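These are the residues of each chain, in order.
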Amino acid sequence: MNEYQVIVVGGGAAGTMAAGQAAKGGAKVLLLEKKDRLGRKIAISGKGRCNITNVENVSDFISHYPGNGRFLHSILRGFDNGALRDFLADYGVETKVERGGRVFPVSDDAETIVKALAAFLRDTGVRVETGVSVEEFLVDNGHVIGVRGNNQKQYLAPAVILCTGGSSYPGTGSTGDGFRFARQLGHQVITPRPALVPLKTAETWVKEVQGLSLRNVEGSLWVEGKRQGAEFGEMLFTHFGVSGPIILTLSRQAGDALREGKRVELRINLKPALSPEQLDARLQRDFQKYTNKQFKNAIDDLLPQSLIPVAIRLSEINPDKAVHQVSREERRTFLKLLQGLTLTITETLSIEAAIVTAGGVNVKEINPKTMASRCVQGLYWAGEVVDVDGITGGYNLQAAFAMGYRAGKAAAEQL
Ligand SMILES: Cc1cc2nc3c(=O)[nH]c(=O)nc-3n(C[C@H](O)[C@H](O)[C@H](O)COP(=O)(O)OP(=O)(O)OC[C@H]3O[C@@H](n4cnc5c(N)ncnc54)[C@H](O)[C@@H]3O)c2cc1C
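Fair warning: this is a prediction, and the values are worked out from it, not measured in the lab.

Basis of the calculations
- Residues numbered from 1 in each chain as written.
- Predicted model: local features only at pLDDT ≥ 70, side-chain atom pairs only at ≥ 80, totals over all residues.
- Heavy atoms only, no water.
- Helix = DSSP H or I, 4+ residues; strand = E, 2+ residues; numbered from the N terminus.
- Axes fitted to C-alpha atoms, helices over the stretch in contact; angles between N-to-C directions.
- Parallel < 35°, antiparallel > 145°, perpendicular 65-115°, else oblique.
- Left-handed = near helix turned anticlockwise from the far one by under 90°.
- Contact = heavy atoms within 4.5 Å.
- Nonpolar A, V, L, I, M, F, W, Y, C, P; charged D, E, K, R; others polar.
- Buried < 20%, exposed > 50% of the residue type's maximum accessible area, 1.4 Å probe, protein only.
- Core = buried A, V, L, I, M, F, W, Y, C linked by side-chain atoms within 4.5 Å.
- Near = heavy atom within 4 Å.
- Polar contact = N/O pair within 3.5 Å; in protein donor to acceptor, adjacent residues only side chain to side chain.
- Areas by Shrake-Rupley, 256 points an atom, 1.4 Å probe, with all protein chains shown as cover.
- UniProt positions renumbered as here; feature names shortened; annotations may be inferred.
- 1 Å grid on protein atoms, 1.4 Å probe; cavity = no way out; pocket = protein on both sides within 12 Å on 5 of 7 lines; lining within 4 Å.
- Points joined across faces, edges and corners; volume = space filled by probe spheres on them.
- Domains from an automatic or database assignment.
- Buried area = accessible area lost by both parts, 1.4 Å probe.
- Salt bridge = Lys/Arg side-chain N within 4 Å of Asp/Glu carboxyl O.
- Expected span 1.5 Å × (residues − 1).
- Bend = angle between axes of the 7 residues up to and from the residue.

Draft legend 1. Up close: unusual backbone geometry. Although it is not a glycine, Asp 108 adopts a positive phi angle of roughly 55 degrees. For Asp 108, the position within the fold is in the loop between strand S5 (102-105) and helix H6 (111-124). At Gln 152, a position not held by glycine, the phi torsion is positive, near 70 degrees. Considering the arrangement of structural elements, one finds Gln 152 in the loop between strand S8 (143-149) and strand S9 (154-156).

See the structure below:
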C-alpha cells in the first residue's frame, strides 16, 4: 500500500495551499520542495511585504488576467479574496487594504504569510520534505503513480499535484521544471515568456534620470504607431530603461509585439489630468511668473529637477533664452513633450527578471472544476506553471492560492 495518497510537488503559494486542503479533505499528503525552505517567492513578493490579493469585486477580478482570466472564473469564486483573507486571519495574519485595493498583511512582512502556511500544513498533518527536487514523474498506463526525487527515492501515490511555478526569479526555486514535466507527460506548453517585466529603451538619456520615480502619470503603449493600451499610476526610470507598476502592466503587450518584430513605443503623459489647453494656460502662467528668467529656470514647478535638462534638450529650445522670448511654436513643442515623452522600447528584460511567467500548461488540457489533467489520470496542476497570468495588484498570488485550493480539494475527493 502507498504511504501517501497525494503528493504535492513545489511548496510555493499554490503547493502549500493544495497540500493543506488535500490533507484537510482527509488525504495522507506529502509535500516535496526542492529548496531548503517553503515559500521563497512569497517571502520576496511585494518587496517583502507580500501583496496577497486585491479587494476588487470578484466578478471584475478576471479582467485583471491578460493570460486566460476566463479559465479562472469559477476557480476564483471557489476561493476568493475574502476567503483568502479569512483563511489568513484564522492563522493570526490580519490584513489591510492599500492604494488600488491591494491587500497586505498588517505586519508588512511577507514572512508572516509563509509562517501561516507552514502552520496550516502542520495543523492538517501534511508531511513536508524540503531539499528534494523531483526529477521524474512515474506513470503507469496513463495514470500517475508517483515521482522520483534527486535523492533517487521513489515516492508513490495515486494523485500528484504539480505546483512548480514558472521560470522567473529562479533563485527562489522556480526554474521551469514544470514545463519540462508537462511536455514529458504529453501536455502542450504555451511558450513561457516574461510578463510583468521592466523594459529596455533605445534612448540612453534614461541613465541620467535613473532612480527617478514618477507618480500620477499615464504611460501609453504604441505599436506600429497605433495606441494599444494605457495605464495610469507610478513608473520608474532605470539605467537600462523603465520599470514600476504601470510599465510592468504594459510589458506583457510590449513583449508580445516585440517578439512579432513590431515597432514599440512608450509615451509618457507627465500631466494627464490637464487637457492640452489647460496645460498651455498653466505654462503661460509660469512663464509670466518667471518672466525675466531663462527658460531653464522657469520650468521648476512643472518637472522634477533631474528631468529638466533632458526635457530641455529634447525640446531643442535654447535653455538660456529668456522665457518671454520663447516662441509659440517652441511652447507647443514643449507641451507636446510634457504630454507625450516618447521612448523606443527595444526589448524586455529576460524571463528570469520578470515578476511573472506568461505561458505554461495549456488551460484547455486542465479541467477547471478540479484542476485535473486531461492527459494523465491522477495528475493535477496549480499555480504559475499553468498558462495564466495577472497584472500587478495581488492577482497572481490570489490565482495561485485559488488554483491550489481547488486542486487540493479535488485530489482528496477523488480518493
Ligand atoms: C519579485 C516578485 C514579487 C512579486 N510580488 C507579487 C505580489 O506582491 N503579489 C502577487 O500577487 N504576486 C507577486 N509575485 C508573483 C507571485 O509571487 C507568483 O505568481 C506566485 O508566488 C506563484 O506561486 P506558485 O506556487 O505557482 O509558484 P512558486 O511560488 O514559484 O513556487 C514553486 C515552488 O516549486 C518548487 N519547485 C520547483 N521545481 C521543483 C521540483 N522539480 N521539485 C520540487 N520542488 C520544485 C520551487 O522551489 C518553489 O518553491 C511576485 C513575484 C516576484 C518574482
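Draft legend 2. Geometry of the packing of helix H10 (residues 308-315) against helix H11 (residues 328-338). Put simply, H10 and H11 touch, their axes get as near as 9 Å, and they point 130 degrees apart. Overall, the two elements H10 and H11 adopt an arrangement that is oblique. Helix-helix and strand crossings are classified by hand; for H10 and H11 the assignment is right-handed. Here H10 contributes Ala 311, Leu 314 and Ser 315 to the contact with H11, which in turn contributes Thr 333, Phe 334 and Leu 337. Residues belonging to the contact of H10 with H11 are distributed by class as follows: 4 nonpolar, 2 polar and no charged.

Draft legend 3. Representation of the side chain of Thr 238 in the model. With respect to the helices, strands and loops of the structure, Thr 238 is situated in the loop between strand S14 (226-237) and strand S15 (241-243). Here Thr 238 falls in the buried class, since its relative accessible area comes to 11%.

Draft legend 4. Representation of the nonpolar core. Ranked by size, the top nonpolar core spans 87 residues in total, and within it Ile 7, Leu 72, Phe 137 and Val 386 carry the most contacts. Of the residues forming this core, the biggest block, 12 residues, is contributed by helix H12 (residues 395-414). Residues contacting Val 386, with those up to four places away along its chain left out, are Phe 71, Gly 359, Gly 360, Val 361, Val 363, Ile 366, Met 371, Trp 381 and Met 403. One finds Ala 254, Leu 307, Leu 341 and Ile 345 within the second-largest nonpolar core, a separate group that totals 46 residues.

Draft legend 5. Here's a closer look at the site of the ligand. The ligand sits among 36 residues. The nearest are Glu 33, Ser 174, Asp 177, Glu 384 and Leu 397. In the model, an oxygen atom of the ligand is placed 2.6 Å from a nitrogen or oxygen of the Glu 384 side chain. Here an oxygen atom of the ligand sits 2.8 Å away from a polar atom, N or O, in the main chain of Leu 397. For the ligand, the protein covers 95% of the area, taking 1000 Å² as the surface of the free molecule. Of all elements in the fold, only helix H1 (13-24), strand S2 (29-33), helix H2 (40-44), helix H7 (177-184) and H12 reach the threshold of two or more residues within the shell around the ligand. The greatest single-element share of the shell around the ligand, amounting to 4 residues, is contributed by H12. Along the lines of polarity and charge, the residues of the shell around the ligand split into 15 nonpolar, 15 polar and 6 charged.

Draft legend 6. Representation of the packing of H1 against H12 within the structure. Relative to each other, H1 and H12 sit at 30 degrees, their axes nearing to 7 Å. Between H1 and H12, the crossing angle belongs to the class labelled roughly parallel. Crossing hand, H1 versus H12: right-handed. In this structure, H1 uses Ala 13, Ala 14, Met 17, Ala 18, Gln 21 and Ala 22 to contact H12, whose residues at the interface are Leu 397, Ala 400, Phe 401, Gly 404, Tyr 405, Gly 408, Lys 409 and Ala 412. For the contact of H1 with H12, the class distribution of residues is 10 nonpolar, 3 polar and 1 charged.

Draft legend 7. The arrangement of the UniProt feature "domain: RsdA/BaiN/AoA(So)-like insert" (unreviewed entry) in the chain in detail. Taken from the UniProt record, the annotation "domain: RsdA/BaiN/AoA(So)-like insert" (unreviewed entry) applies to residues 193-356. In this annotation, residues 193-356 is assigned 29% helix and 29% strand; the end-to-end C-alpha distance for the span is 9 Å.

Draft legend 8. Representation of the UniProt feature "domain: RsdA/BaiN/AoA(So)-like Rossmann fold-like" (unreviewed entry) in the chain. In the numbering used here, UniProt assigns the "domain: RsdA/BaiN/AoA(So)-like Rossmann fold-like" (unreviewed entry) feature to residues 5-409. Structurally, residues 5-409 comprises 30% helix and 26% strand, and the distance from its first C-alpha atom to its last is 13 Å.

Draft legend 9. Molecular detail of empty space enclosed by the protein. In the structure shown here, the tally under the stated rule is 1 cavity of 30 Å³ or more. In this model, the largest cavity occupies a volume close to 50 Å³. Every residue along the wall of the largest cavity is listed here: Leu 270, Leu 303, Leu 307, Val 310, Ala 311, Leu 314, Leu 337, Leu 338 and Leu 341. Counting only elements with at least two residues in the lining of the largest cavity, the list comes to H10 and H11. Here the element with the most residues in the lining of the largest cavity is H10; it accounts for 3 residues. Residue composition of the lining of the largest cavity, by class: 9 nonpolar, no polar and no charged.

Draft legend 10. Representation of the domain arrangement of the chain. Split into domains, the chain comes out as domain 1 (6-194 + 357-414) and domain 2 (198-349). Each of domain 1 and domain 2 has a C-alpha centre, and these two points are 40 Å apart. Contact residues are listed per partner, giving 10 residues for domain 1 and 9 residues for domain 2. Buried surface at the junction of domain 1 and domain 2, summed over both partners, amounts to about 710 Å²; 44% is from carbon and sulfur atoms. It is Arg 193, Pro 194 and Thr 392 in domain 1 that bury the most area against domain 2; as a group they hold 56% of the surface buried on that side. Between the two partners, domain 1 and domain 2, sit 3 salt bridges. Salt-bridge contacts for Glu 234 lead to Arg 99; the nearest nitrogen and oxygen are separated by 3.5 Å. Residues belonging to the side of domain 1 that touches domain 2 are distributed by class as follows: 4 nonpolar, 2 polar and 4 charged.

Draft legend 11. View of helix H8 (residues 245-259). Relative to the 21 Å expected for 15 residues at 1.5 Å per residue, H8 spans 22 Å between its end C-alpha atoms, a close match to the ideal helical length. Most pronounced at Ser 251, the bend in H8 amounts to some 40 degrees. With 11 of its 15 residues buried, H8 lies for the most part within the structure. Among the residues of H8, Ile 246, Ile 247, Leu 248, Thr 249, Leu 250, Ser 251, Arg 252, Ala 254, Gly 255, Ala 257 and Leu 258 are the ones counted as buried. Looking one or two residues past H8, Gly 261 carries a phi angle of roughly 80 degrees, positive in sign.

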